[in-house]
Amino acid sequence: MRVVATSATRDARNSEAFRAWVKSTTGWTVEVISGLEEGRLIHLGIVTHEPGTRGRCLMIDLGGGSCEITHSENARIKEMISLPLGAVRLQQEFLHTDPPEKADVARLRKFIDMQLRRASRKLGMPKVGLVIATSGTAAALASVGAEDFAHAKKISPARKPPIAHGGPVLMAETKAVRWLADRLLKMTNVQRASIPGIGPKRSEIICGGAQVFAALLEHFDLRGYRYSPLGLRDGVLAQMLADIDIRASAHRTLEAERWEGVEQICKRFGVNPRQTEAERKHALQLFDQLQKIHQLPPEYRLWLQAAAMMQDVGKYLNHQGHHRHTQYIIANSEVFGFNPSQRAIVAAIARYLGRSRPDPMDRPMRYVPAAEHANVQRAVVLLRLVQALNQDRATAPVHVRTKIFPKRVVLKLVPGRGGAELEAWSLKKEADYFREVFRRELLVELA
């Protein structure tokens, strides 16, 4: 069971109390995801199941509190932005009368335009062959707009929509969306509720959402959109499958997104991912060869590699105390494919590479689930060994061979161009902590 919460819970002042109440009542842990993570999961659900999404496309999801816009190419996220343009949010903030007053509508449109200009700075003007919109507002506009627009303008309706997933595909043209959006503003809630396709549940909030869709399609010079019934739930299910089945196509997509996310964080904070490749490979090698010793869950294989690559991002702020800065950056950055709990674990692993050791009372460890504290400590030991093996990045990396005995572990170093004396010295300094955690002696030998 996985439970996620979006915009309303992100913004609510009593969010923590609500999550605690859900936990005590149902036993479920509510995971509050960011707007970008919400968009990533929706994208994953759509590209996994929706036909025609392997090329260039724009995806629009307009919920109650936010609107996620994703530029996708070859089923991969190219750019994404989350805007505070949810239907419920706009209704509560701007539209206080029924029907709305002109002054309120003017303020609403100005706010939407401001947010879309912000989106343009992030997305540019994407040239796409397909626009897919999700959510109830998109469905209502598509089901109502085309036929009513054609009737009002006395033109022939659009050609019969194609069939997919056992039913007709709902299409919405930009002109029809704008016409319907403006028409809805002149109607009362009772009148809007009487329109088939809108109904009483959506009539109270559709005005703001309709204005967003109309302005967005016009702003990006799009011809219209195709409605998809897929959404966040489908993305969550696809990720849950990807996490347990490495054969699933979603697994490959998720892995690619995760590594792209890690590389983006590295580049943003001045770390060249190529320079961290030796650390990543050593982390992978030690995890695999010392599995009998550390007995970490399989997911730590990825998390250890991610921590190895991002361990120096804190130097962007200050070399002094950079491990603390690294932990803060990882824990509070949007890393695609990592939920907040996973980011907290990766951040904690990268935090304790200096003199300090993981302690349950430390602030970084408070964000790590208590059941993972022992695993984080074991992963920290492995990453400290990785760090010791990479003292001099300017020369060829040191190769290491591991041998496991009942009471000791032997690391045999094969020197690179610059030798391996410094690495051997650094590894020996970790012997006491290794013995404390794994109850075995750590011996270092030079080949």
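Because the structure is a prediction, the values reported are computed rather than measured.

Novice: Which residues make up the pairing of strand β12 (residues 408–414), and what values do they have?
Specialist: Note: strand β11 (residues 399–404) against β12, six bridges, orientation antiparallel. Within β12, the position partnered with R401 by the bridge is K412. The turn linking β11 back onto β12 is made up of three residues. Here six bridges tie β12 to strand β13 (residues 441–446), and the two strands are oriented parallel to one another. Directly across from K412, in β13, lies its bridge partner E445.

Novice: Any chance you could break down the sheet that holds strand β6 (residues 130–134) for me, citing the residues and the numbers?
Specialist: Spatially, β5-β4-β3-β6-β10-β9 is the arrangement adopted by the six strands of the open sheet, whose pairing is mixed. A single partner strand is all that each edge strand has here, and the edge strands are β5 (76–83) and β9 (171–173). Averaged over all pairs of adjacent strands, the angle between strand axes in this sheet comes to 25°, irrespective of strand direction. Along the sheet face, helix α7 (residues 174–185) touches β9 and β10 (224–227) and points at about 80° away from the line of β9. Lying over the sheet, helix α10 (residues 206–219) contacts β3 (56–62), β4 (67–73), β6 and β10, oriented at roughly 160° with respect to β3.

Novice: So what's going on with the sheet that holds β11? Residues and values would help.
Specialist: In a beta sheet, neighbouring strands pair by backbone hydrogen bonds and run either parallel or antiparallel. Strand order in the open sheet made by the three strands is β11-β12-β13, with mixed pairing throughout. Only two strands of the sheet have a single partner each, and these edge strands are β11 and β13. For this sheet the average axis-to-axis angle between neighbouring strands, irrespective of direction, equals 20°.

Novice: Give a detailed account of the packing of aromatic side chains, specifying residues and quantitative values.
Specialist: Applying the stated criterion across every chain, the model contains six aromatic pairs. On the numbers, 5.0 Å between centres and 65° between planes, the contact of F434 with F438 is edge-to-face. Of this pair, F434 and F438 both sit in helix α21 (residues 431–438), four residues apart, which is roughly one turn of that helix. The class for F434 is buried, based on a relative accessible area of 0%. By relative accessible area, F438 is classed as buried at 9%. In this structure, R258 packs its charged tip against the face of F338, placed 5.7 Å from the ring centre.

Novice: Pulling in residues and values, what's your account of the state of the cysteines?
Specialist: Think of a disulfide as a covalent bridge from one cysteine sulfur atom to another cysteine sulfur atom. Per the stated rule, a full pass over the model turns up zero disulfides. With no disulfide partner, C67 has as its closest neighbouring cysteine sulfur the one in C57, 15 Å distant. In this structure C207 is not part of a disulfide, and its nearest cysteine sulfur, from C67, lies 17 Å away.

Novice: Describe the packing of helix α19 (residues 373–389) against α21, listing the residues and the values that go with them.
Specialist: Two quantities define a packed helix pair, namely the angle between the helix axes and the distance between the axes. At a minimum axis distance of 10 Å, the contact between α19 and α21 shows a crossing angle of 155°. By the angle between their axes, α19 is roughly antiparallel relative to α21. In this structure, the crossing between α19 and α21 has a hand that is left-handed. Facing α19, whose interface residues are Q377, R378, V380, V381, R384 and L385, α21 presents Y433, F434, V437 and F438. Split by residue class, the contact of α19 with α21 holds seven nonpolar, one polar and two charged.

Novice: Provide a residue-level description of the nonpolar core, including the pertinent values.
Specialist: Core analysis: the biggest nonpolar cluster contains 61 residues, and Y300, M310, I349, V376 and L413 have the highest contact counts within it. No other element matches α19, which puts ten residues into this core. Contacts of Y300, omitting those with residues within four sequence positions, involve F287, I345, I349, E372, N375, V376 and A379. Core analysis: the second largest hydrophobic core is formed by 49 residues, L85, A87, L123 and A142 among them.

Novice: Give me the pattern of salt bridges: which residues, what numbers.
Specialist: Under the counting rule described, the total for this entry stands at 22 salt bridges. Taking the shortest distance from any N to any O, the salt bridge between R301 and D288 comes out at 2.9 Å. Residue R301 is found in helix α15 (residues 300–310), and its partner D288 is found in helix α13 (residues 277–289); the two are separated by 13 residues along the sequence. The class for R301 is partly exposed, based on a relative accessible area of 33%. One salt-bridge network, in which partners are shared between bridges, spans R109, R178, D182 and E218.

Novice: Hey, could you go over the pairing of β5 for me, with residue numbers and the actual values?
Specialist: Direction of pairing for β4 relative to β5: antiparallel, over a ladder of seven bridges. Counted as the bridge partner of I69 is I81 from β5. Connecting β4 to the next strand, β5, in antiparallel fashion are two residues, including N74 with a positive phi near 55°.

Novice: Could you give an account of α10, with specific residues and numbers?
Specialist: Taking 1.5 Å as the rise per residue, α10 with 14 residues should run 20 Å; its terminal C-alpha atoms sit 20 Å apart, in good agreement. Counting buried residues in α10 gives twelve out of 14 residues, a clear majority hidden from the surface. Turning to α10, its buried residues are I206, C207, G208, G209, A210, Q211, V212, F213, A214, A215, L216 and L217. Taken from the residues just after α10, D221 is the one with a positive phi, measuring 55°.

Novice: Help me get a handle on unusual backbone geometry, residues and values and all.
Specialist: D98 connects to P99 through a cis peptide bond whose omega is 0°. The residue P99 is located in the loop between α4 (87–94) and α5 (102–123) in this model. Here N74, not a glycine, exhibits a phi torsion of approximately 55°, which is positive. The residue N74 is located in the loop between β4 and β5 in this model. Overall, the relative accessible area of 53% leaves N74 in the exposed class. Unlike most non-glycine residues, Q295 shows phi in positive territory, near 55°. Positionally, Q295 belongs in the loop between α14 (291–294) and α15.

Basis of the calculations
- Residues numbered from 1 in each chain as written.
- Predicted model: local features only at pLDDT ≥ 70, side-chain atom pairs only at ≥ 80, totals over all residues.
- Heavy atoms only, no water.
- Pairing = 2+ DSSP bridges.
- Helix = DSSP H or I, 4+ residues; strand = E, 2+ residues; numbered from the N terminus.
- Axes fitted to C-alpha atoms, helices over the stretch in contact; angles between N-to-C directions.
- Contact = heavy atoms within 4.5 Å.
- Phe/Tyr/Trp six-rings, centres within 6.5 Å; stacked < 30°, edge-to-face > 60°.
- Buried < 20%, exposed > 50% of the residue type's maximum accessible area, 1.4 Å probe, protein only.
- Lys NZ or Arg CZ within 6 Å of the ring centre and 35° of its normal.
- Disulfide = S-S within 2.5 Å.
- Parallel < 35°, antiparallel > 145°, perpendicular 65-115°, else oblique.
- Left-handed = near helix turned anticlockwise from the far one by under 90°.
- Nonpolar A, V, L, I, M, F, W, Y, C, P; charged D, E, K, R; others polar.
- Core = buried A, V, L, I, M, F, W, Y, C linked by side-chain atoms within 4.5 Å.
- Salt bridge = Lys/Arg side-chain N within 4 Å of Asp/Glu carboxyl O.
- Expected span 1.5 Å × (residues − 1).

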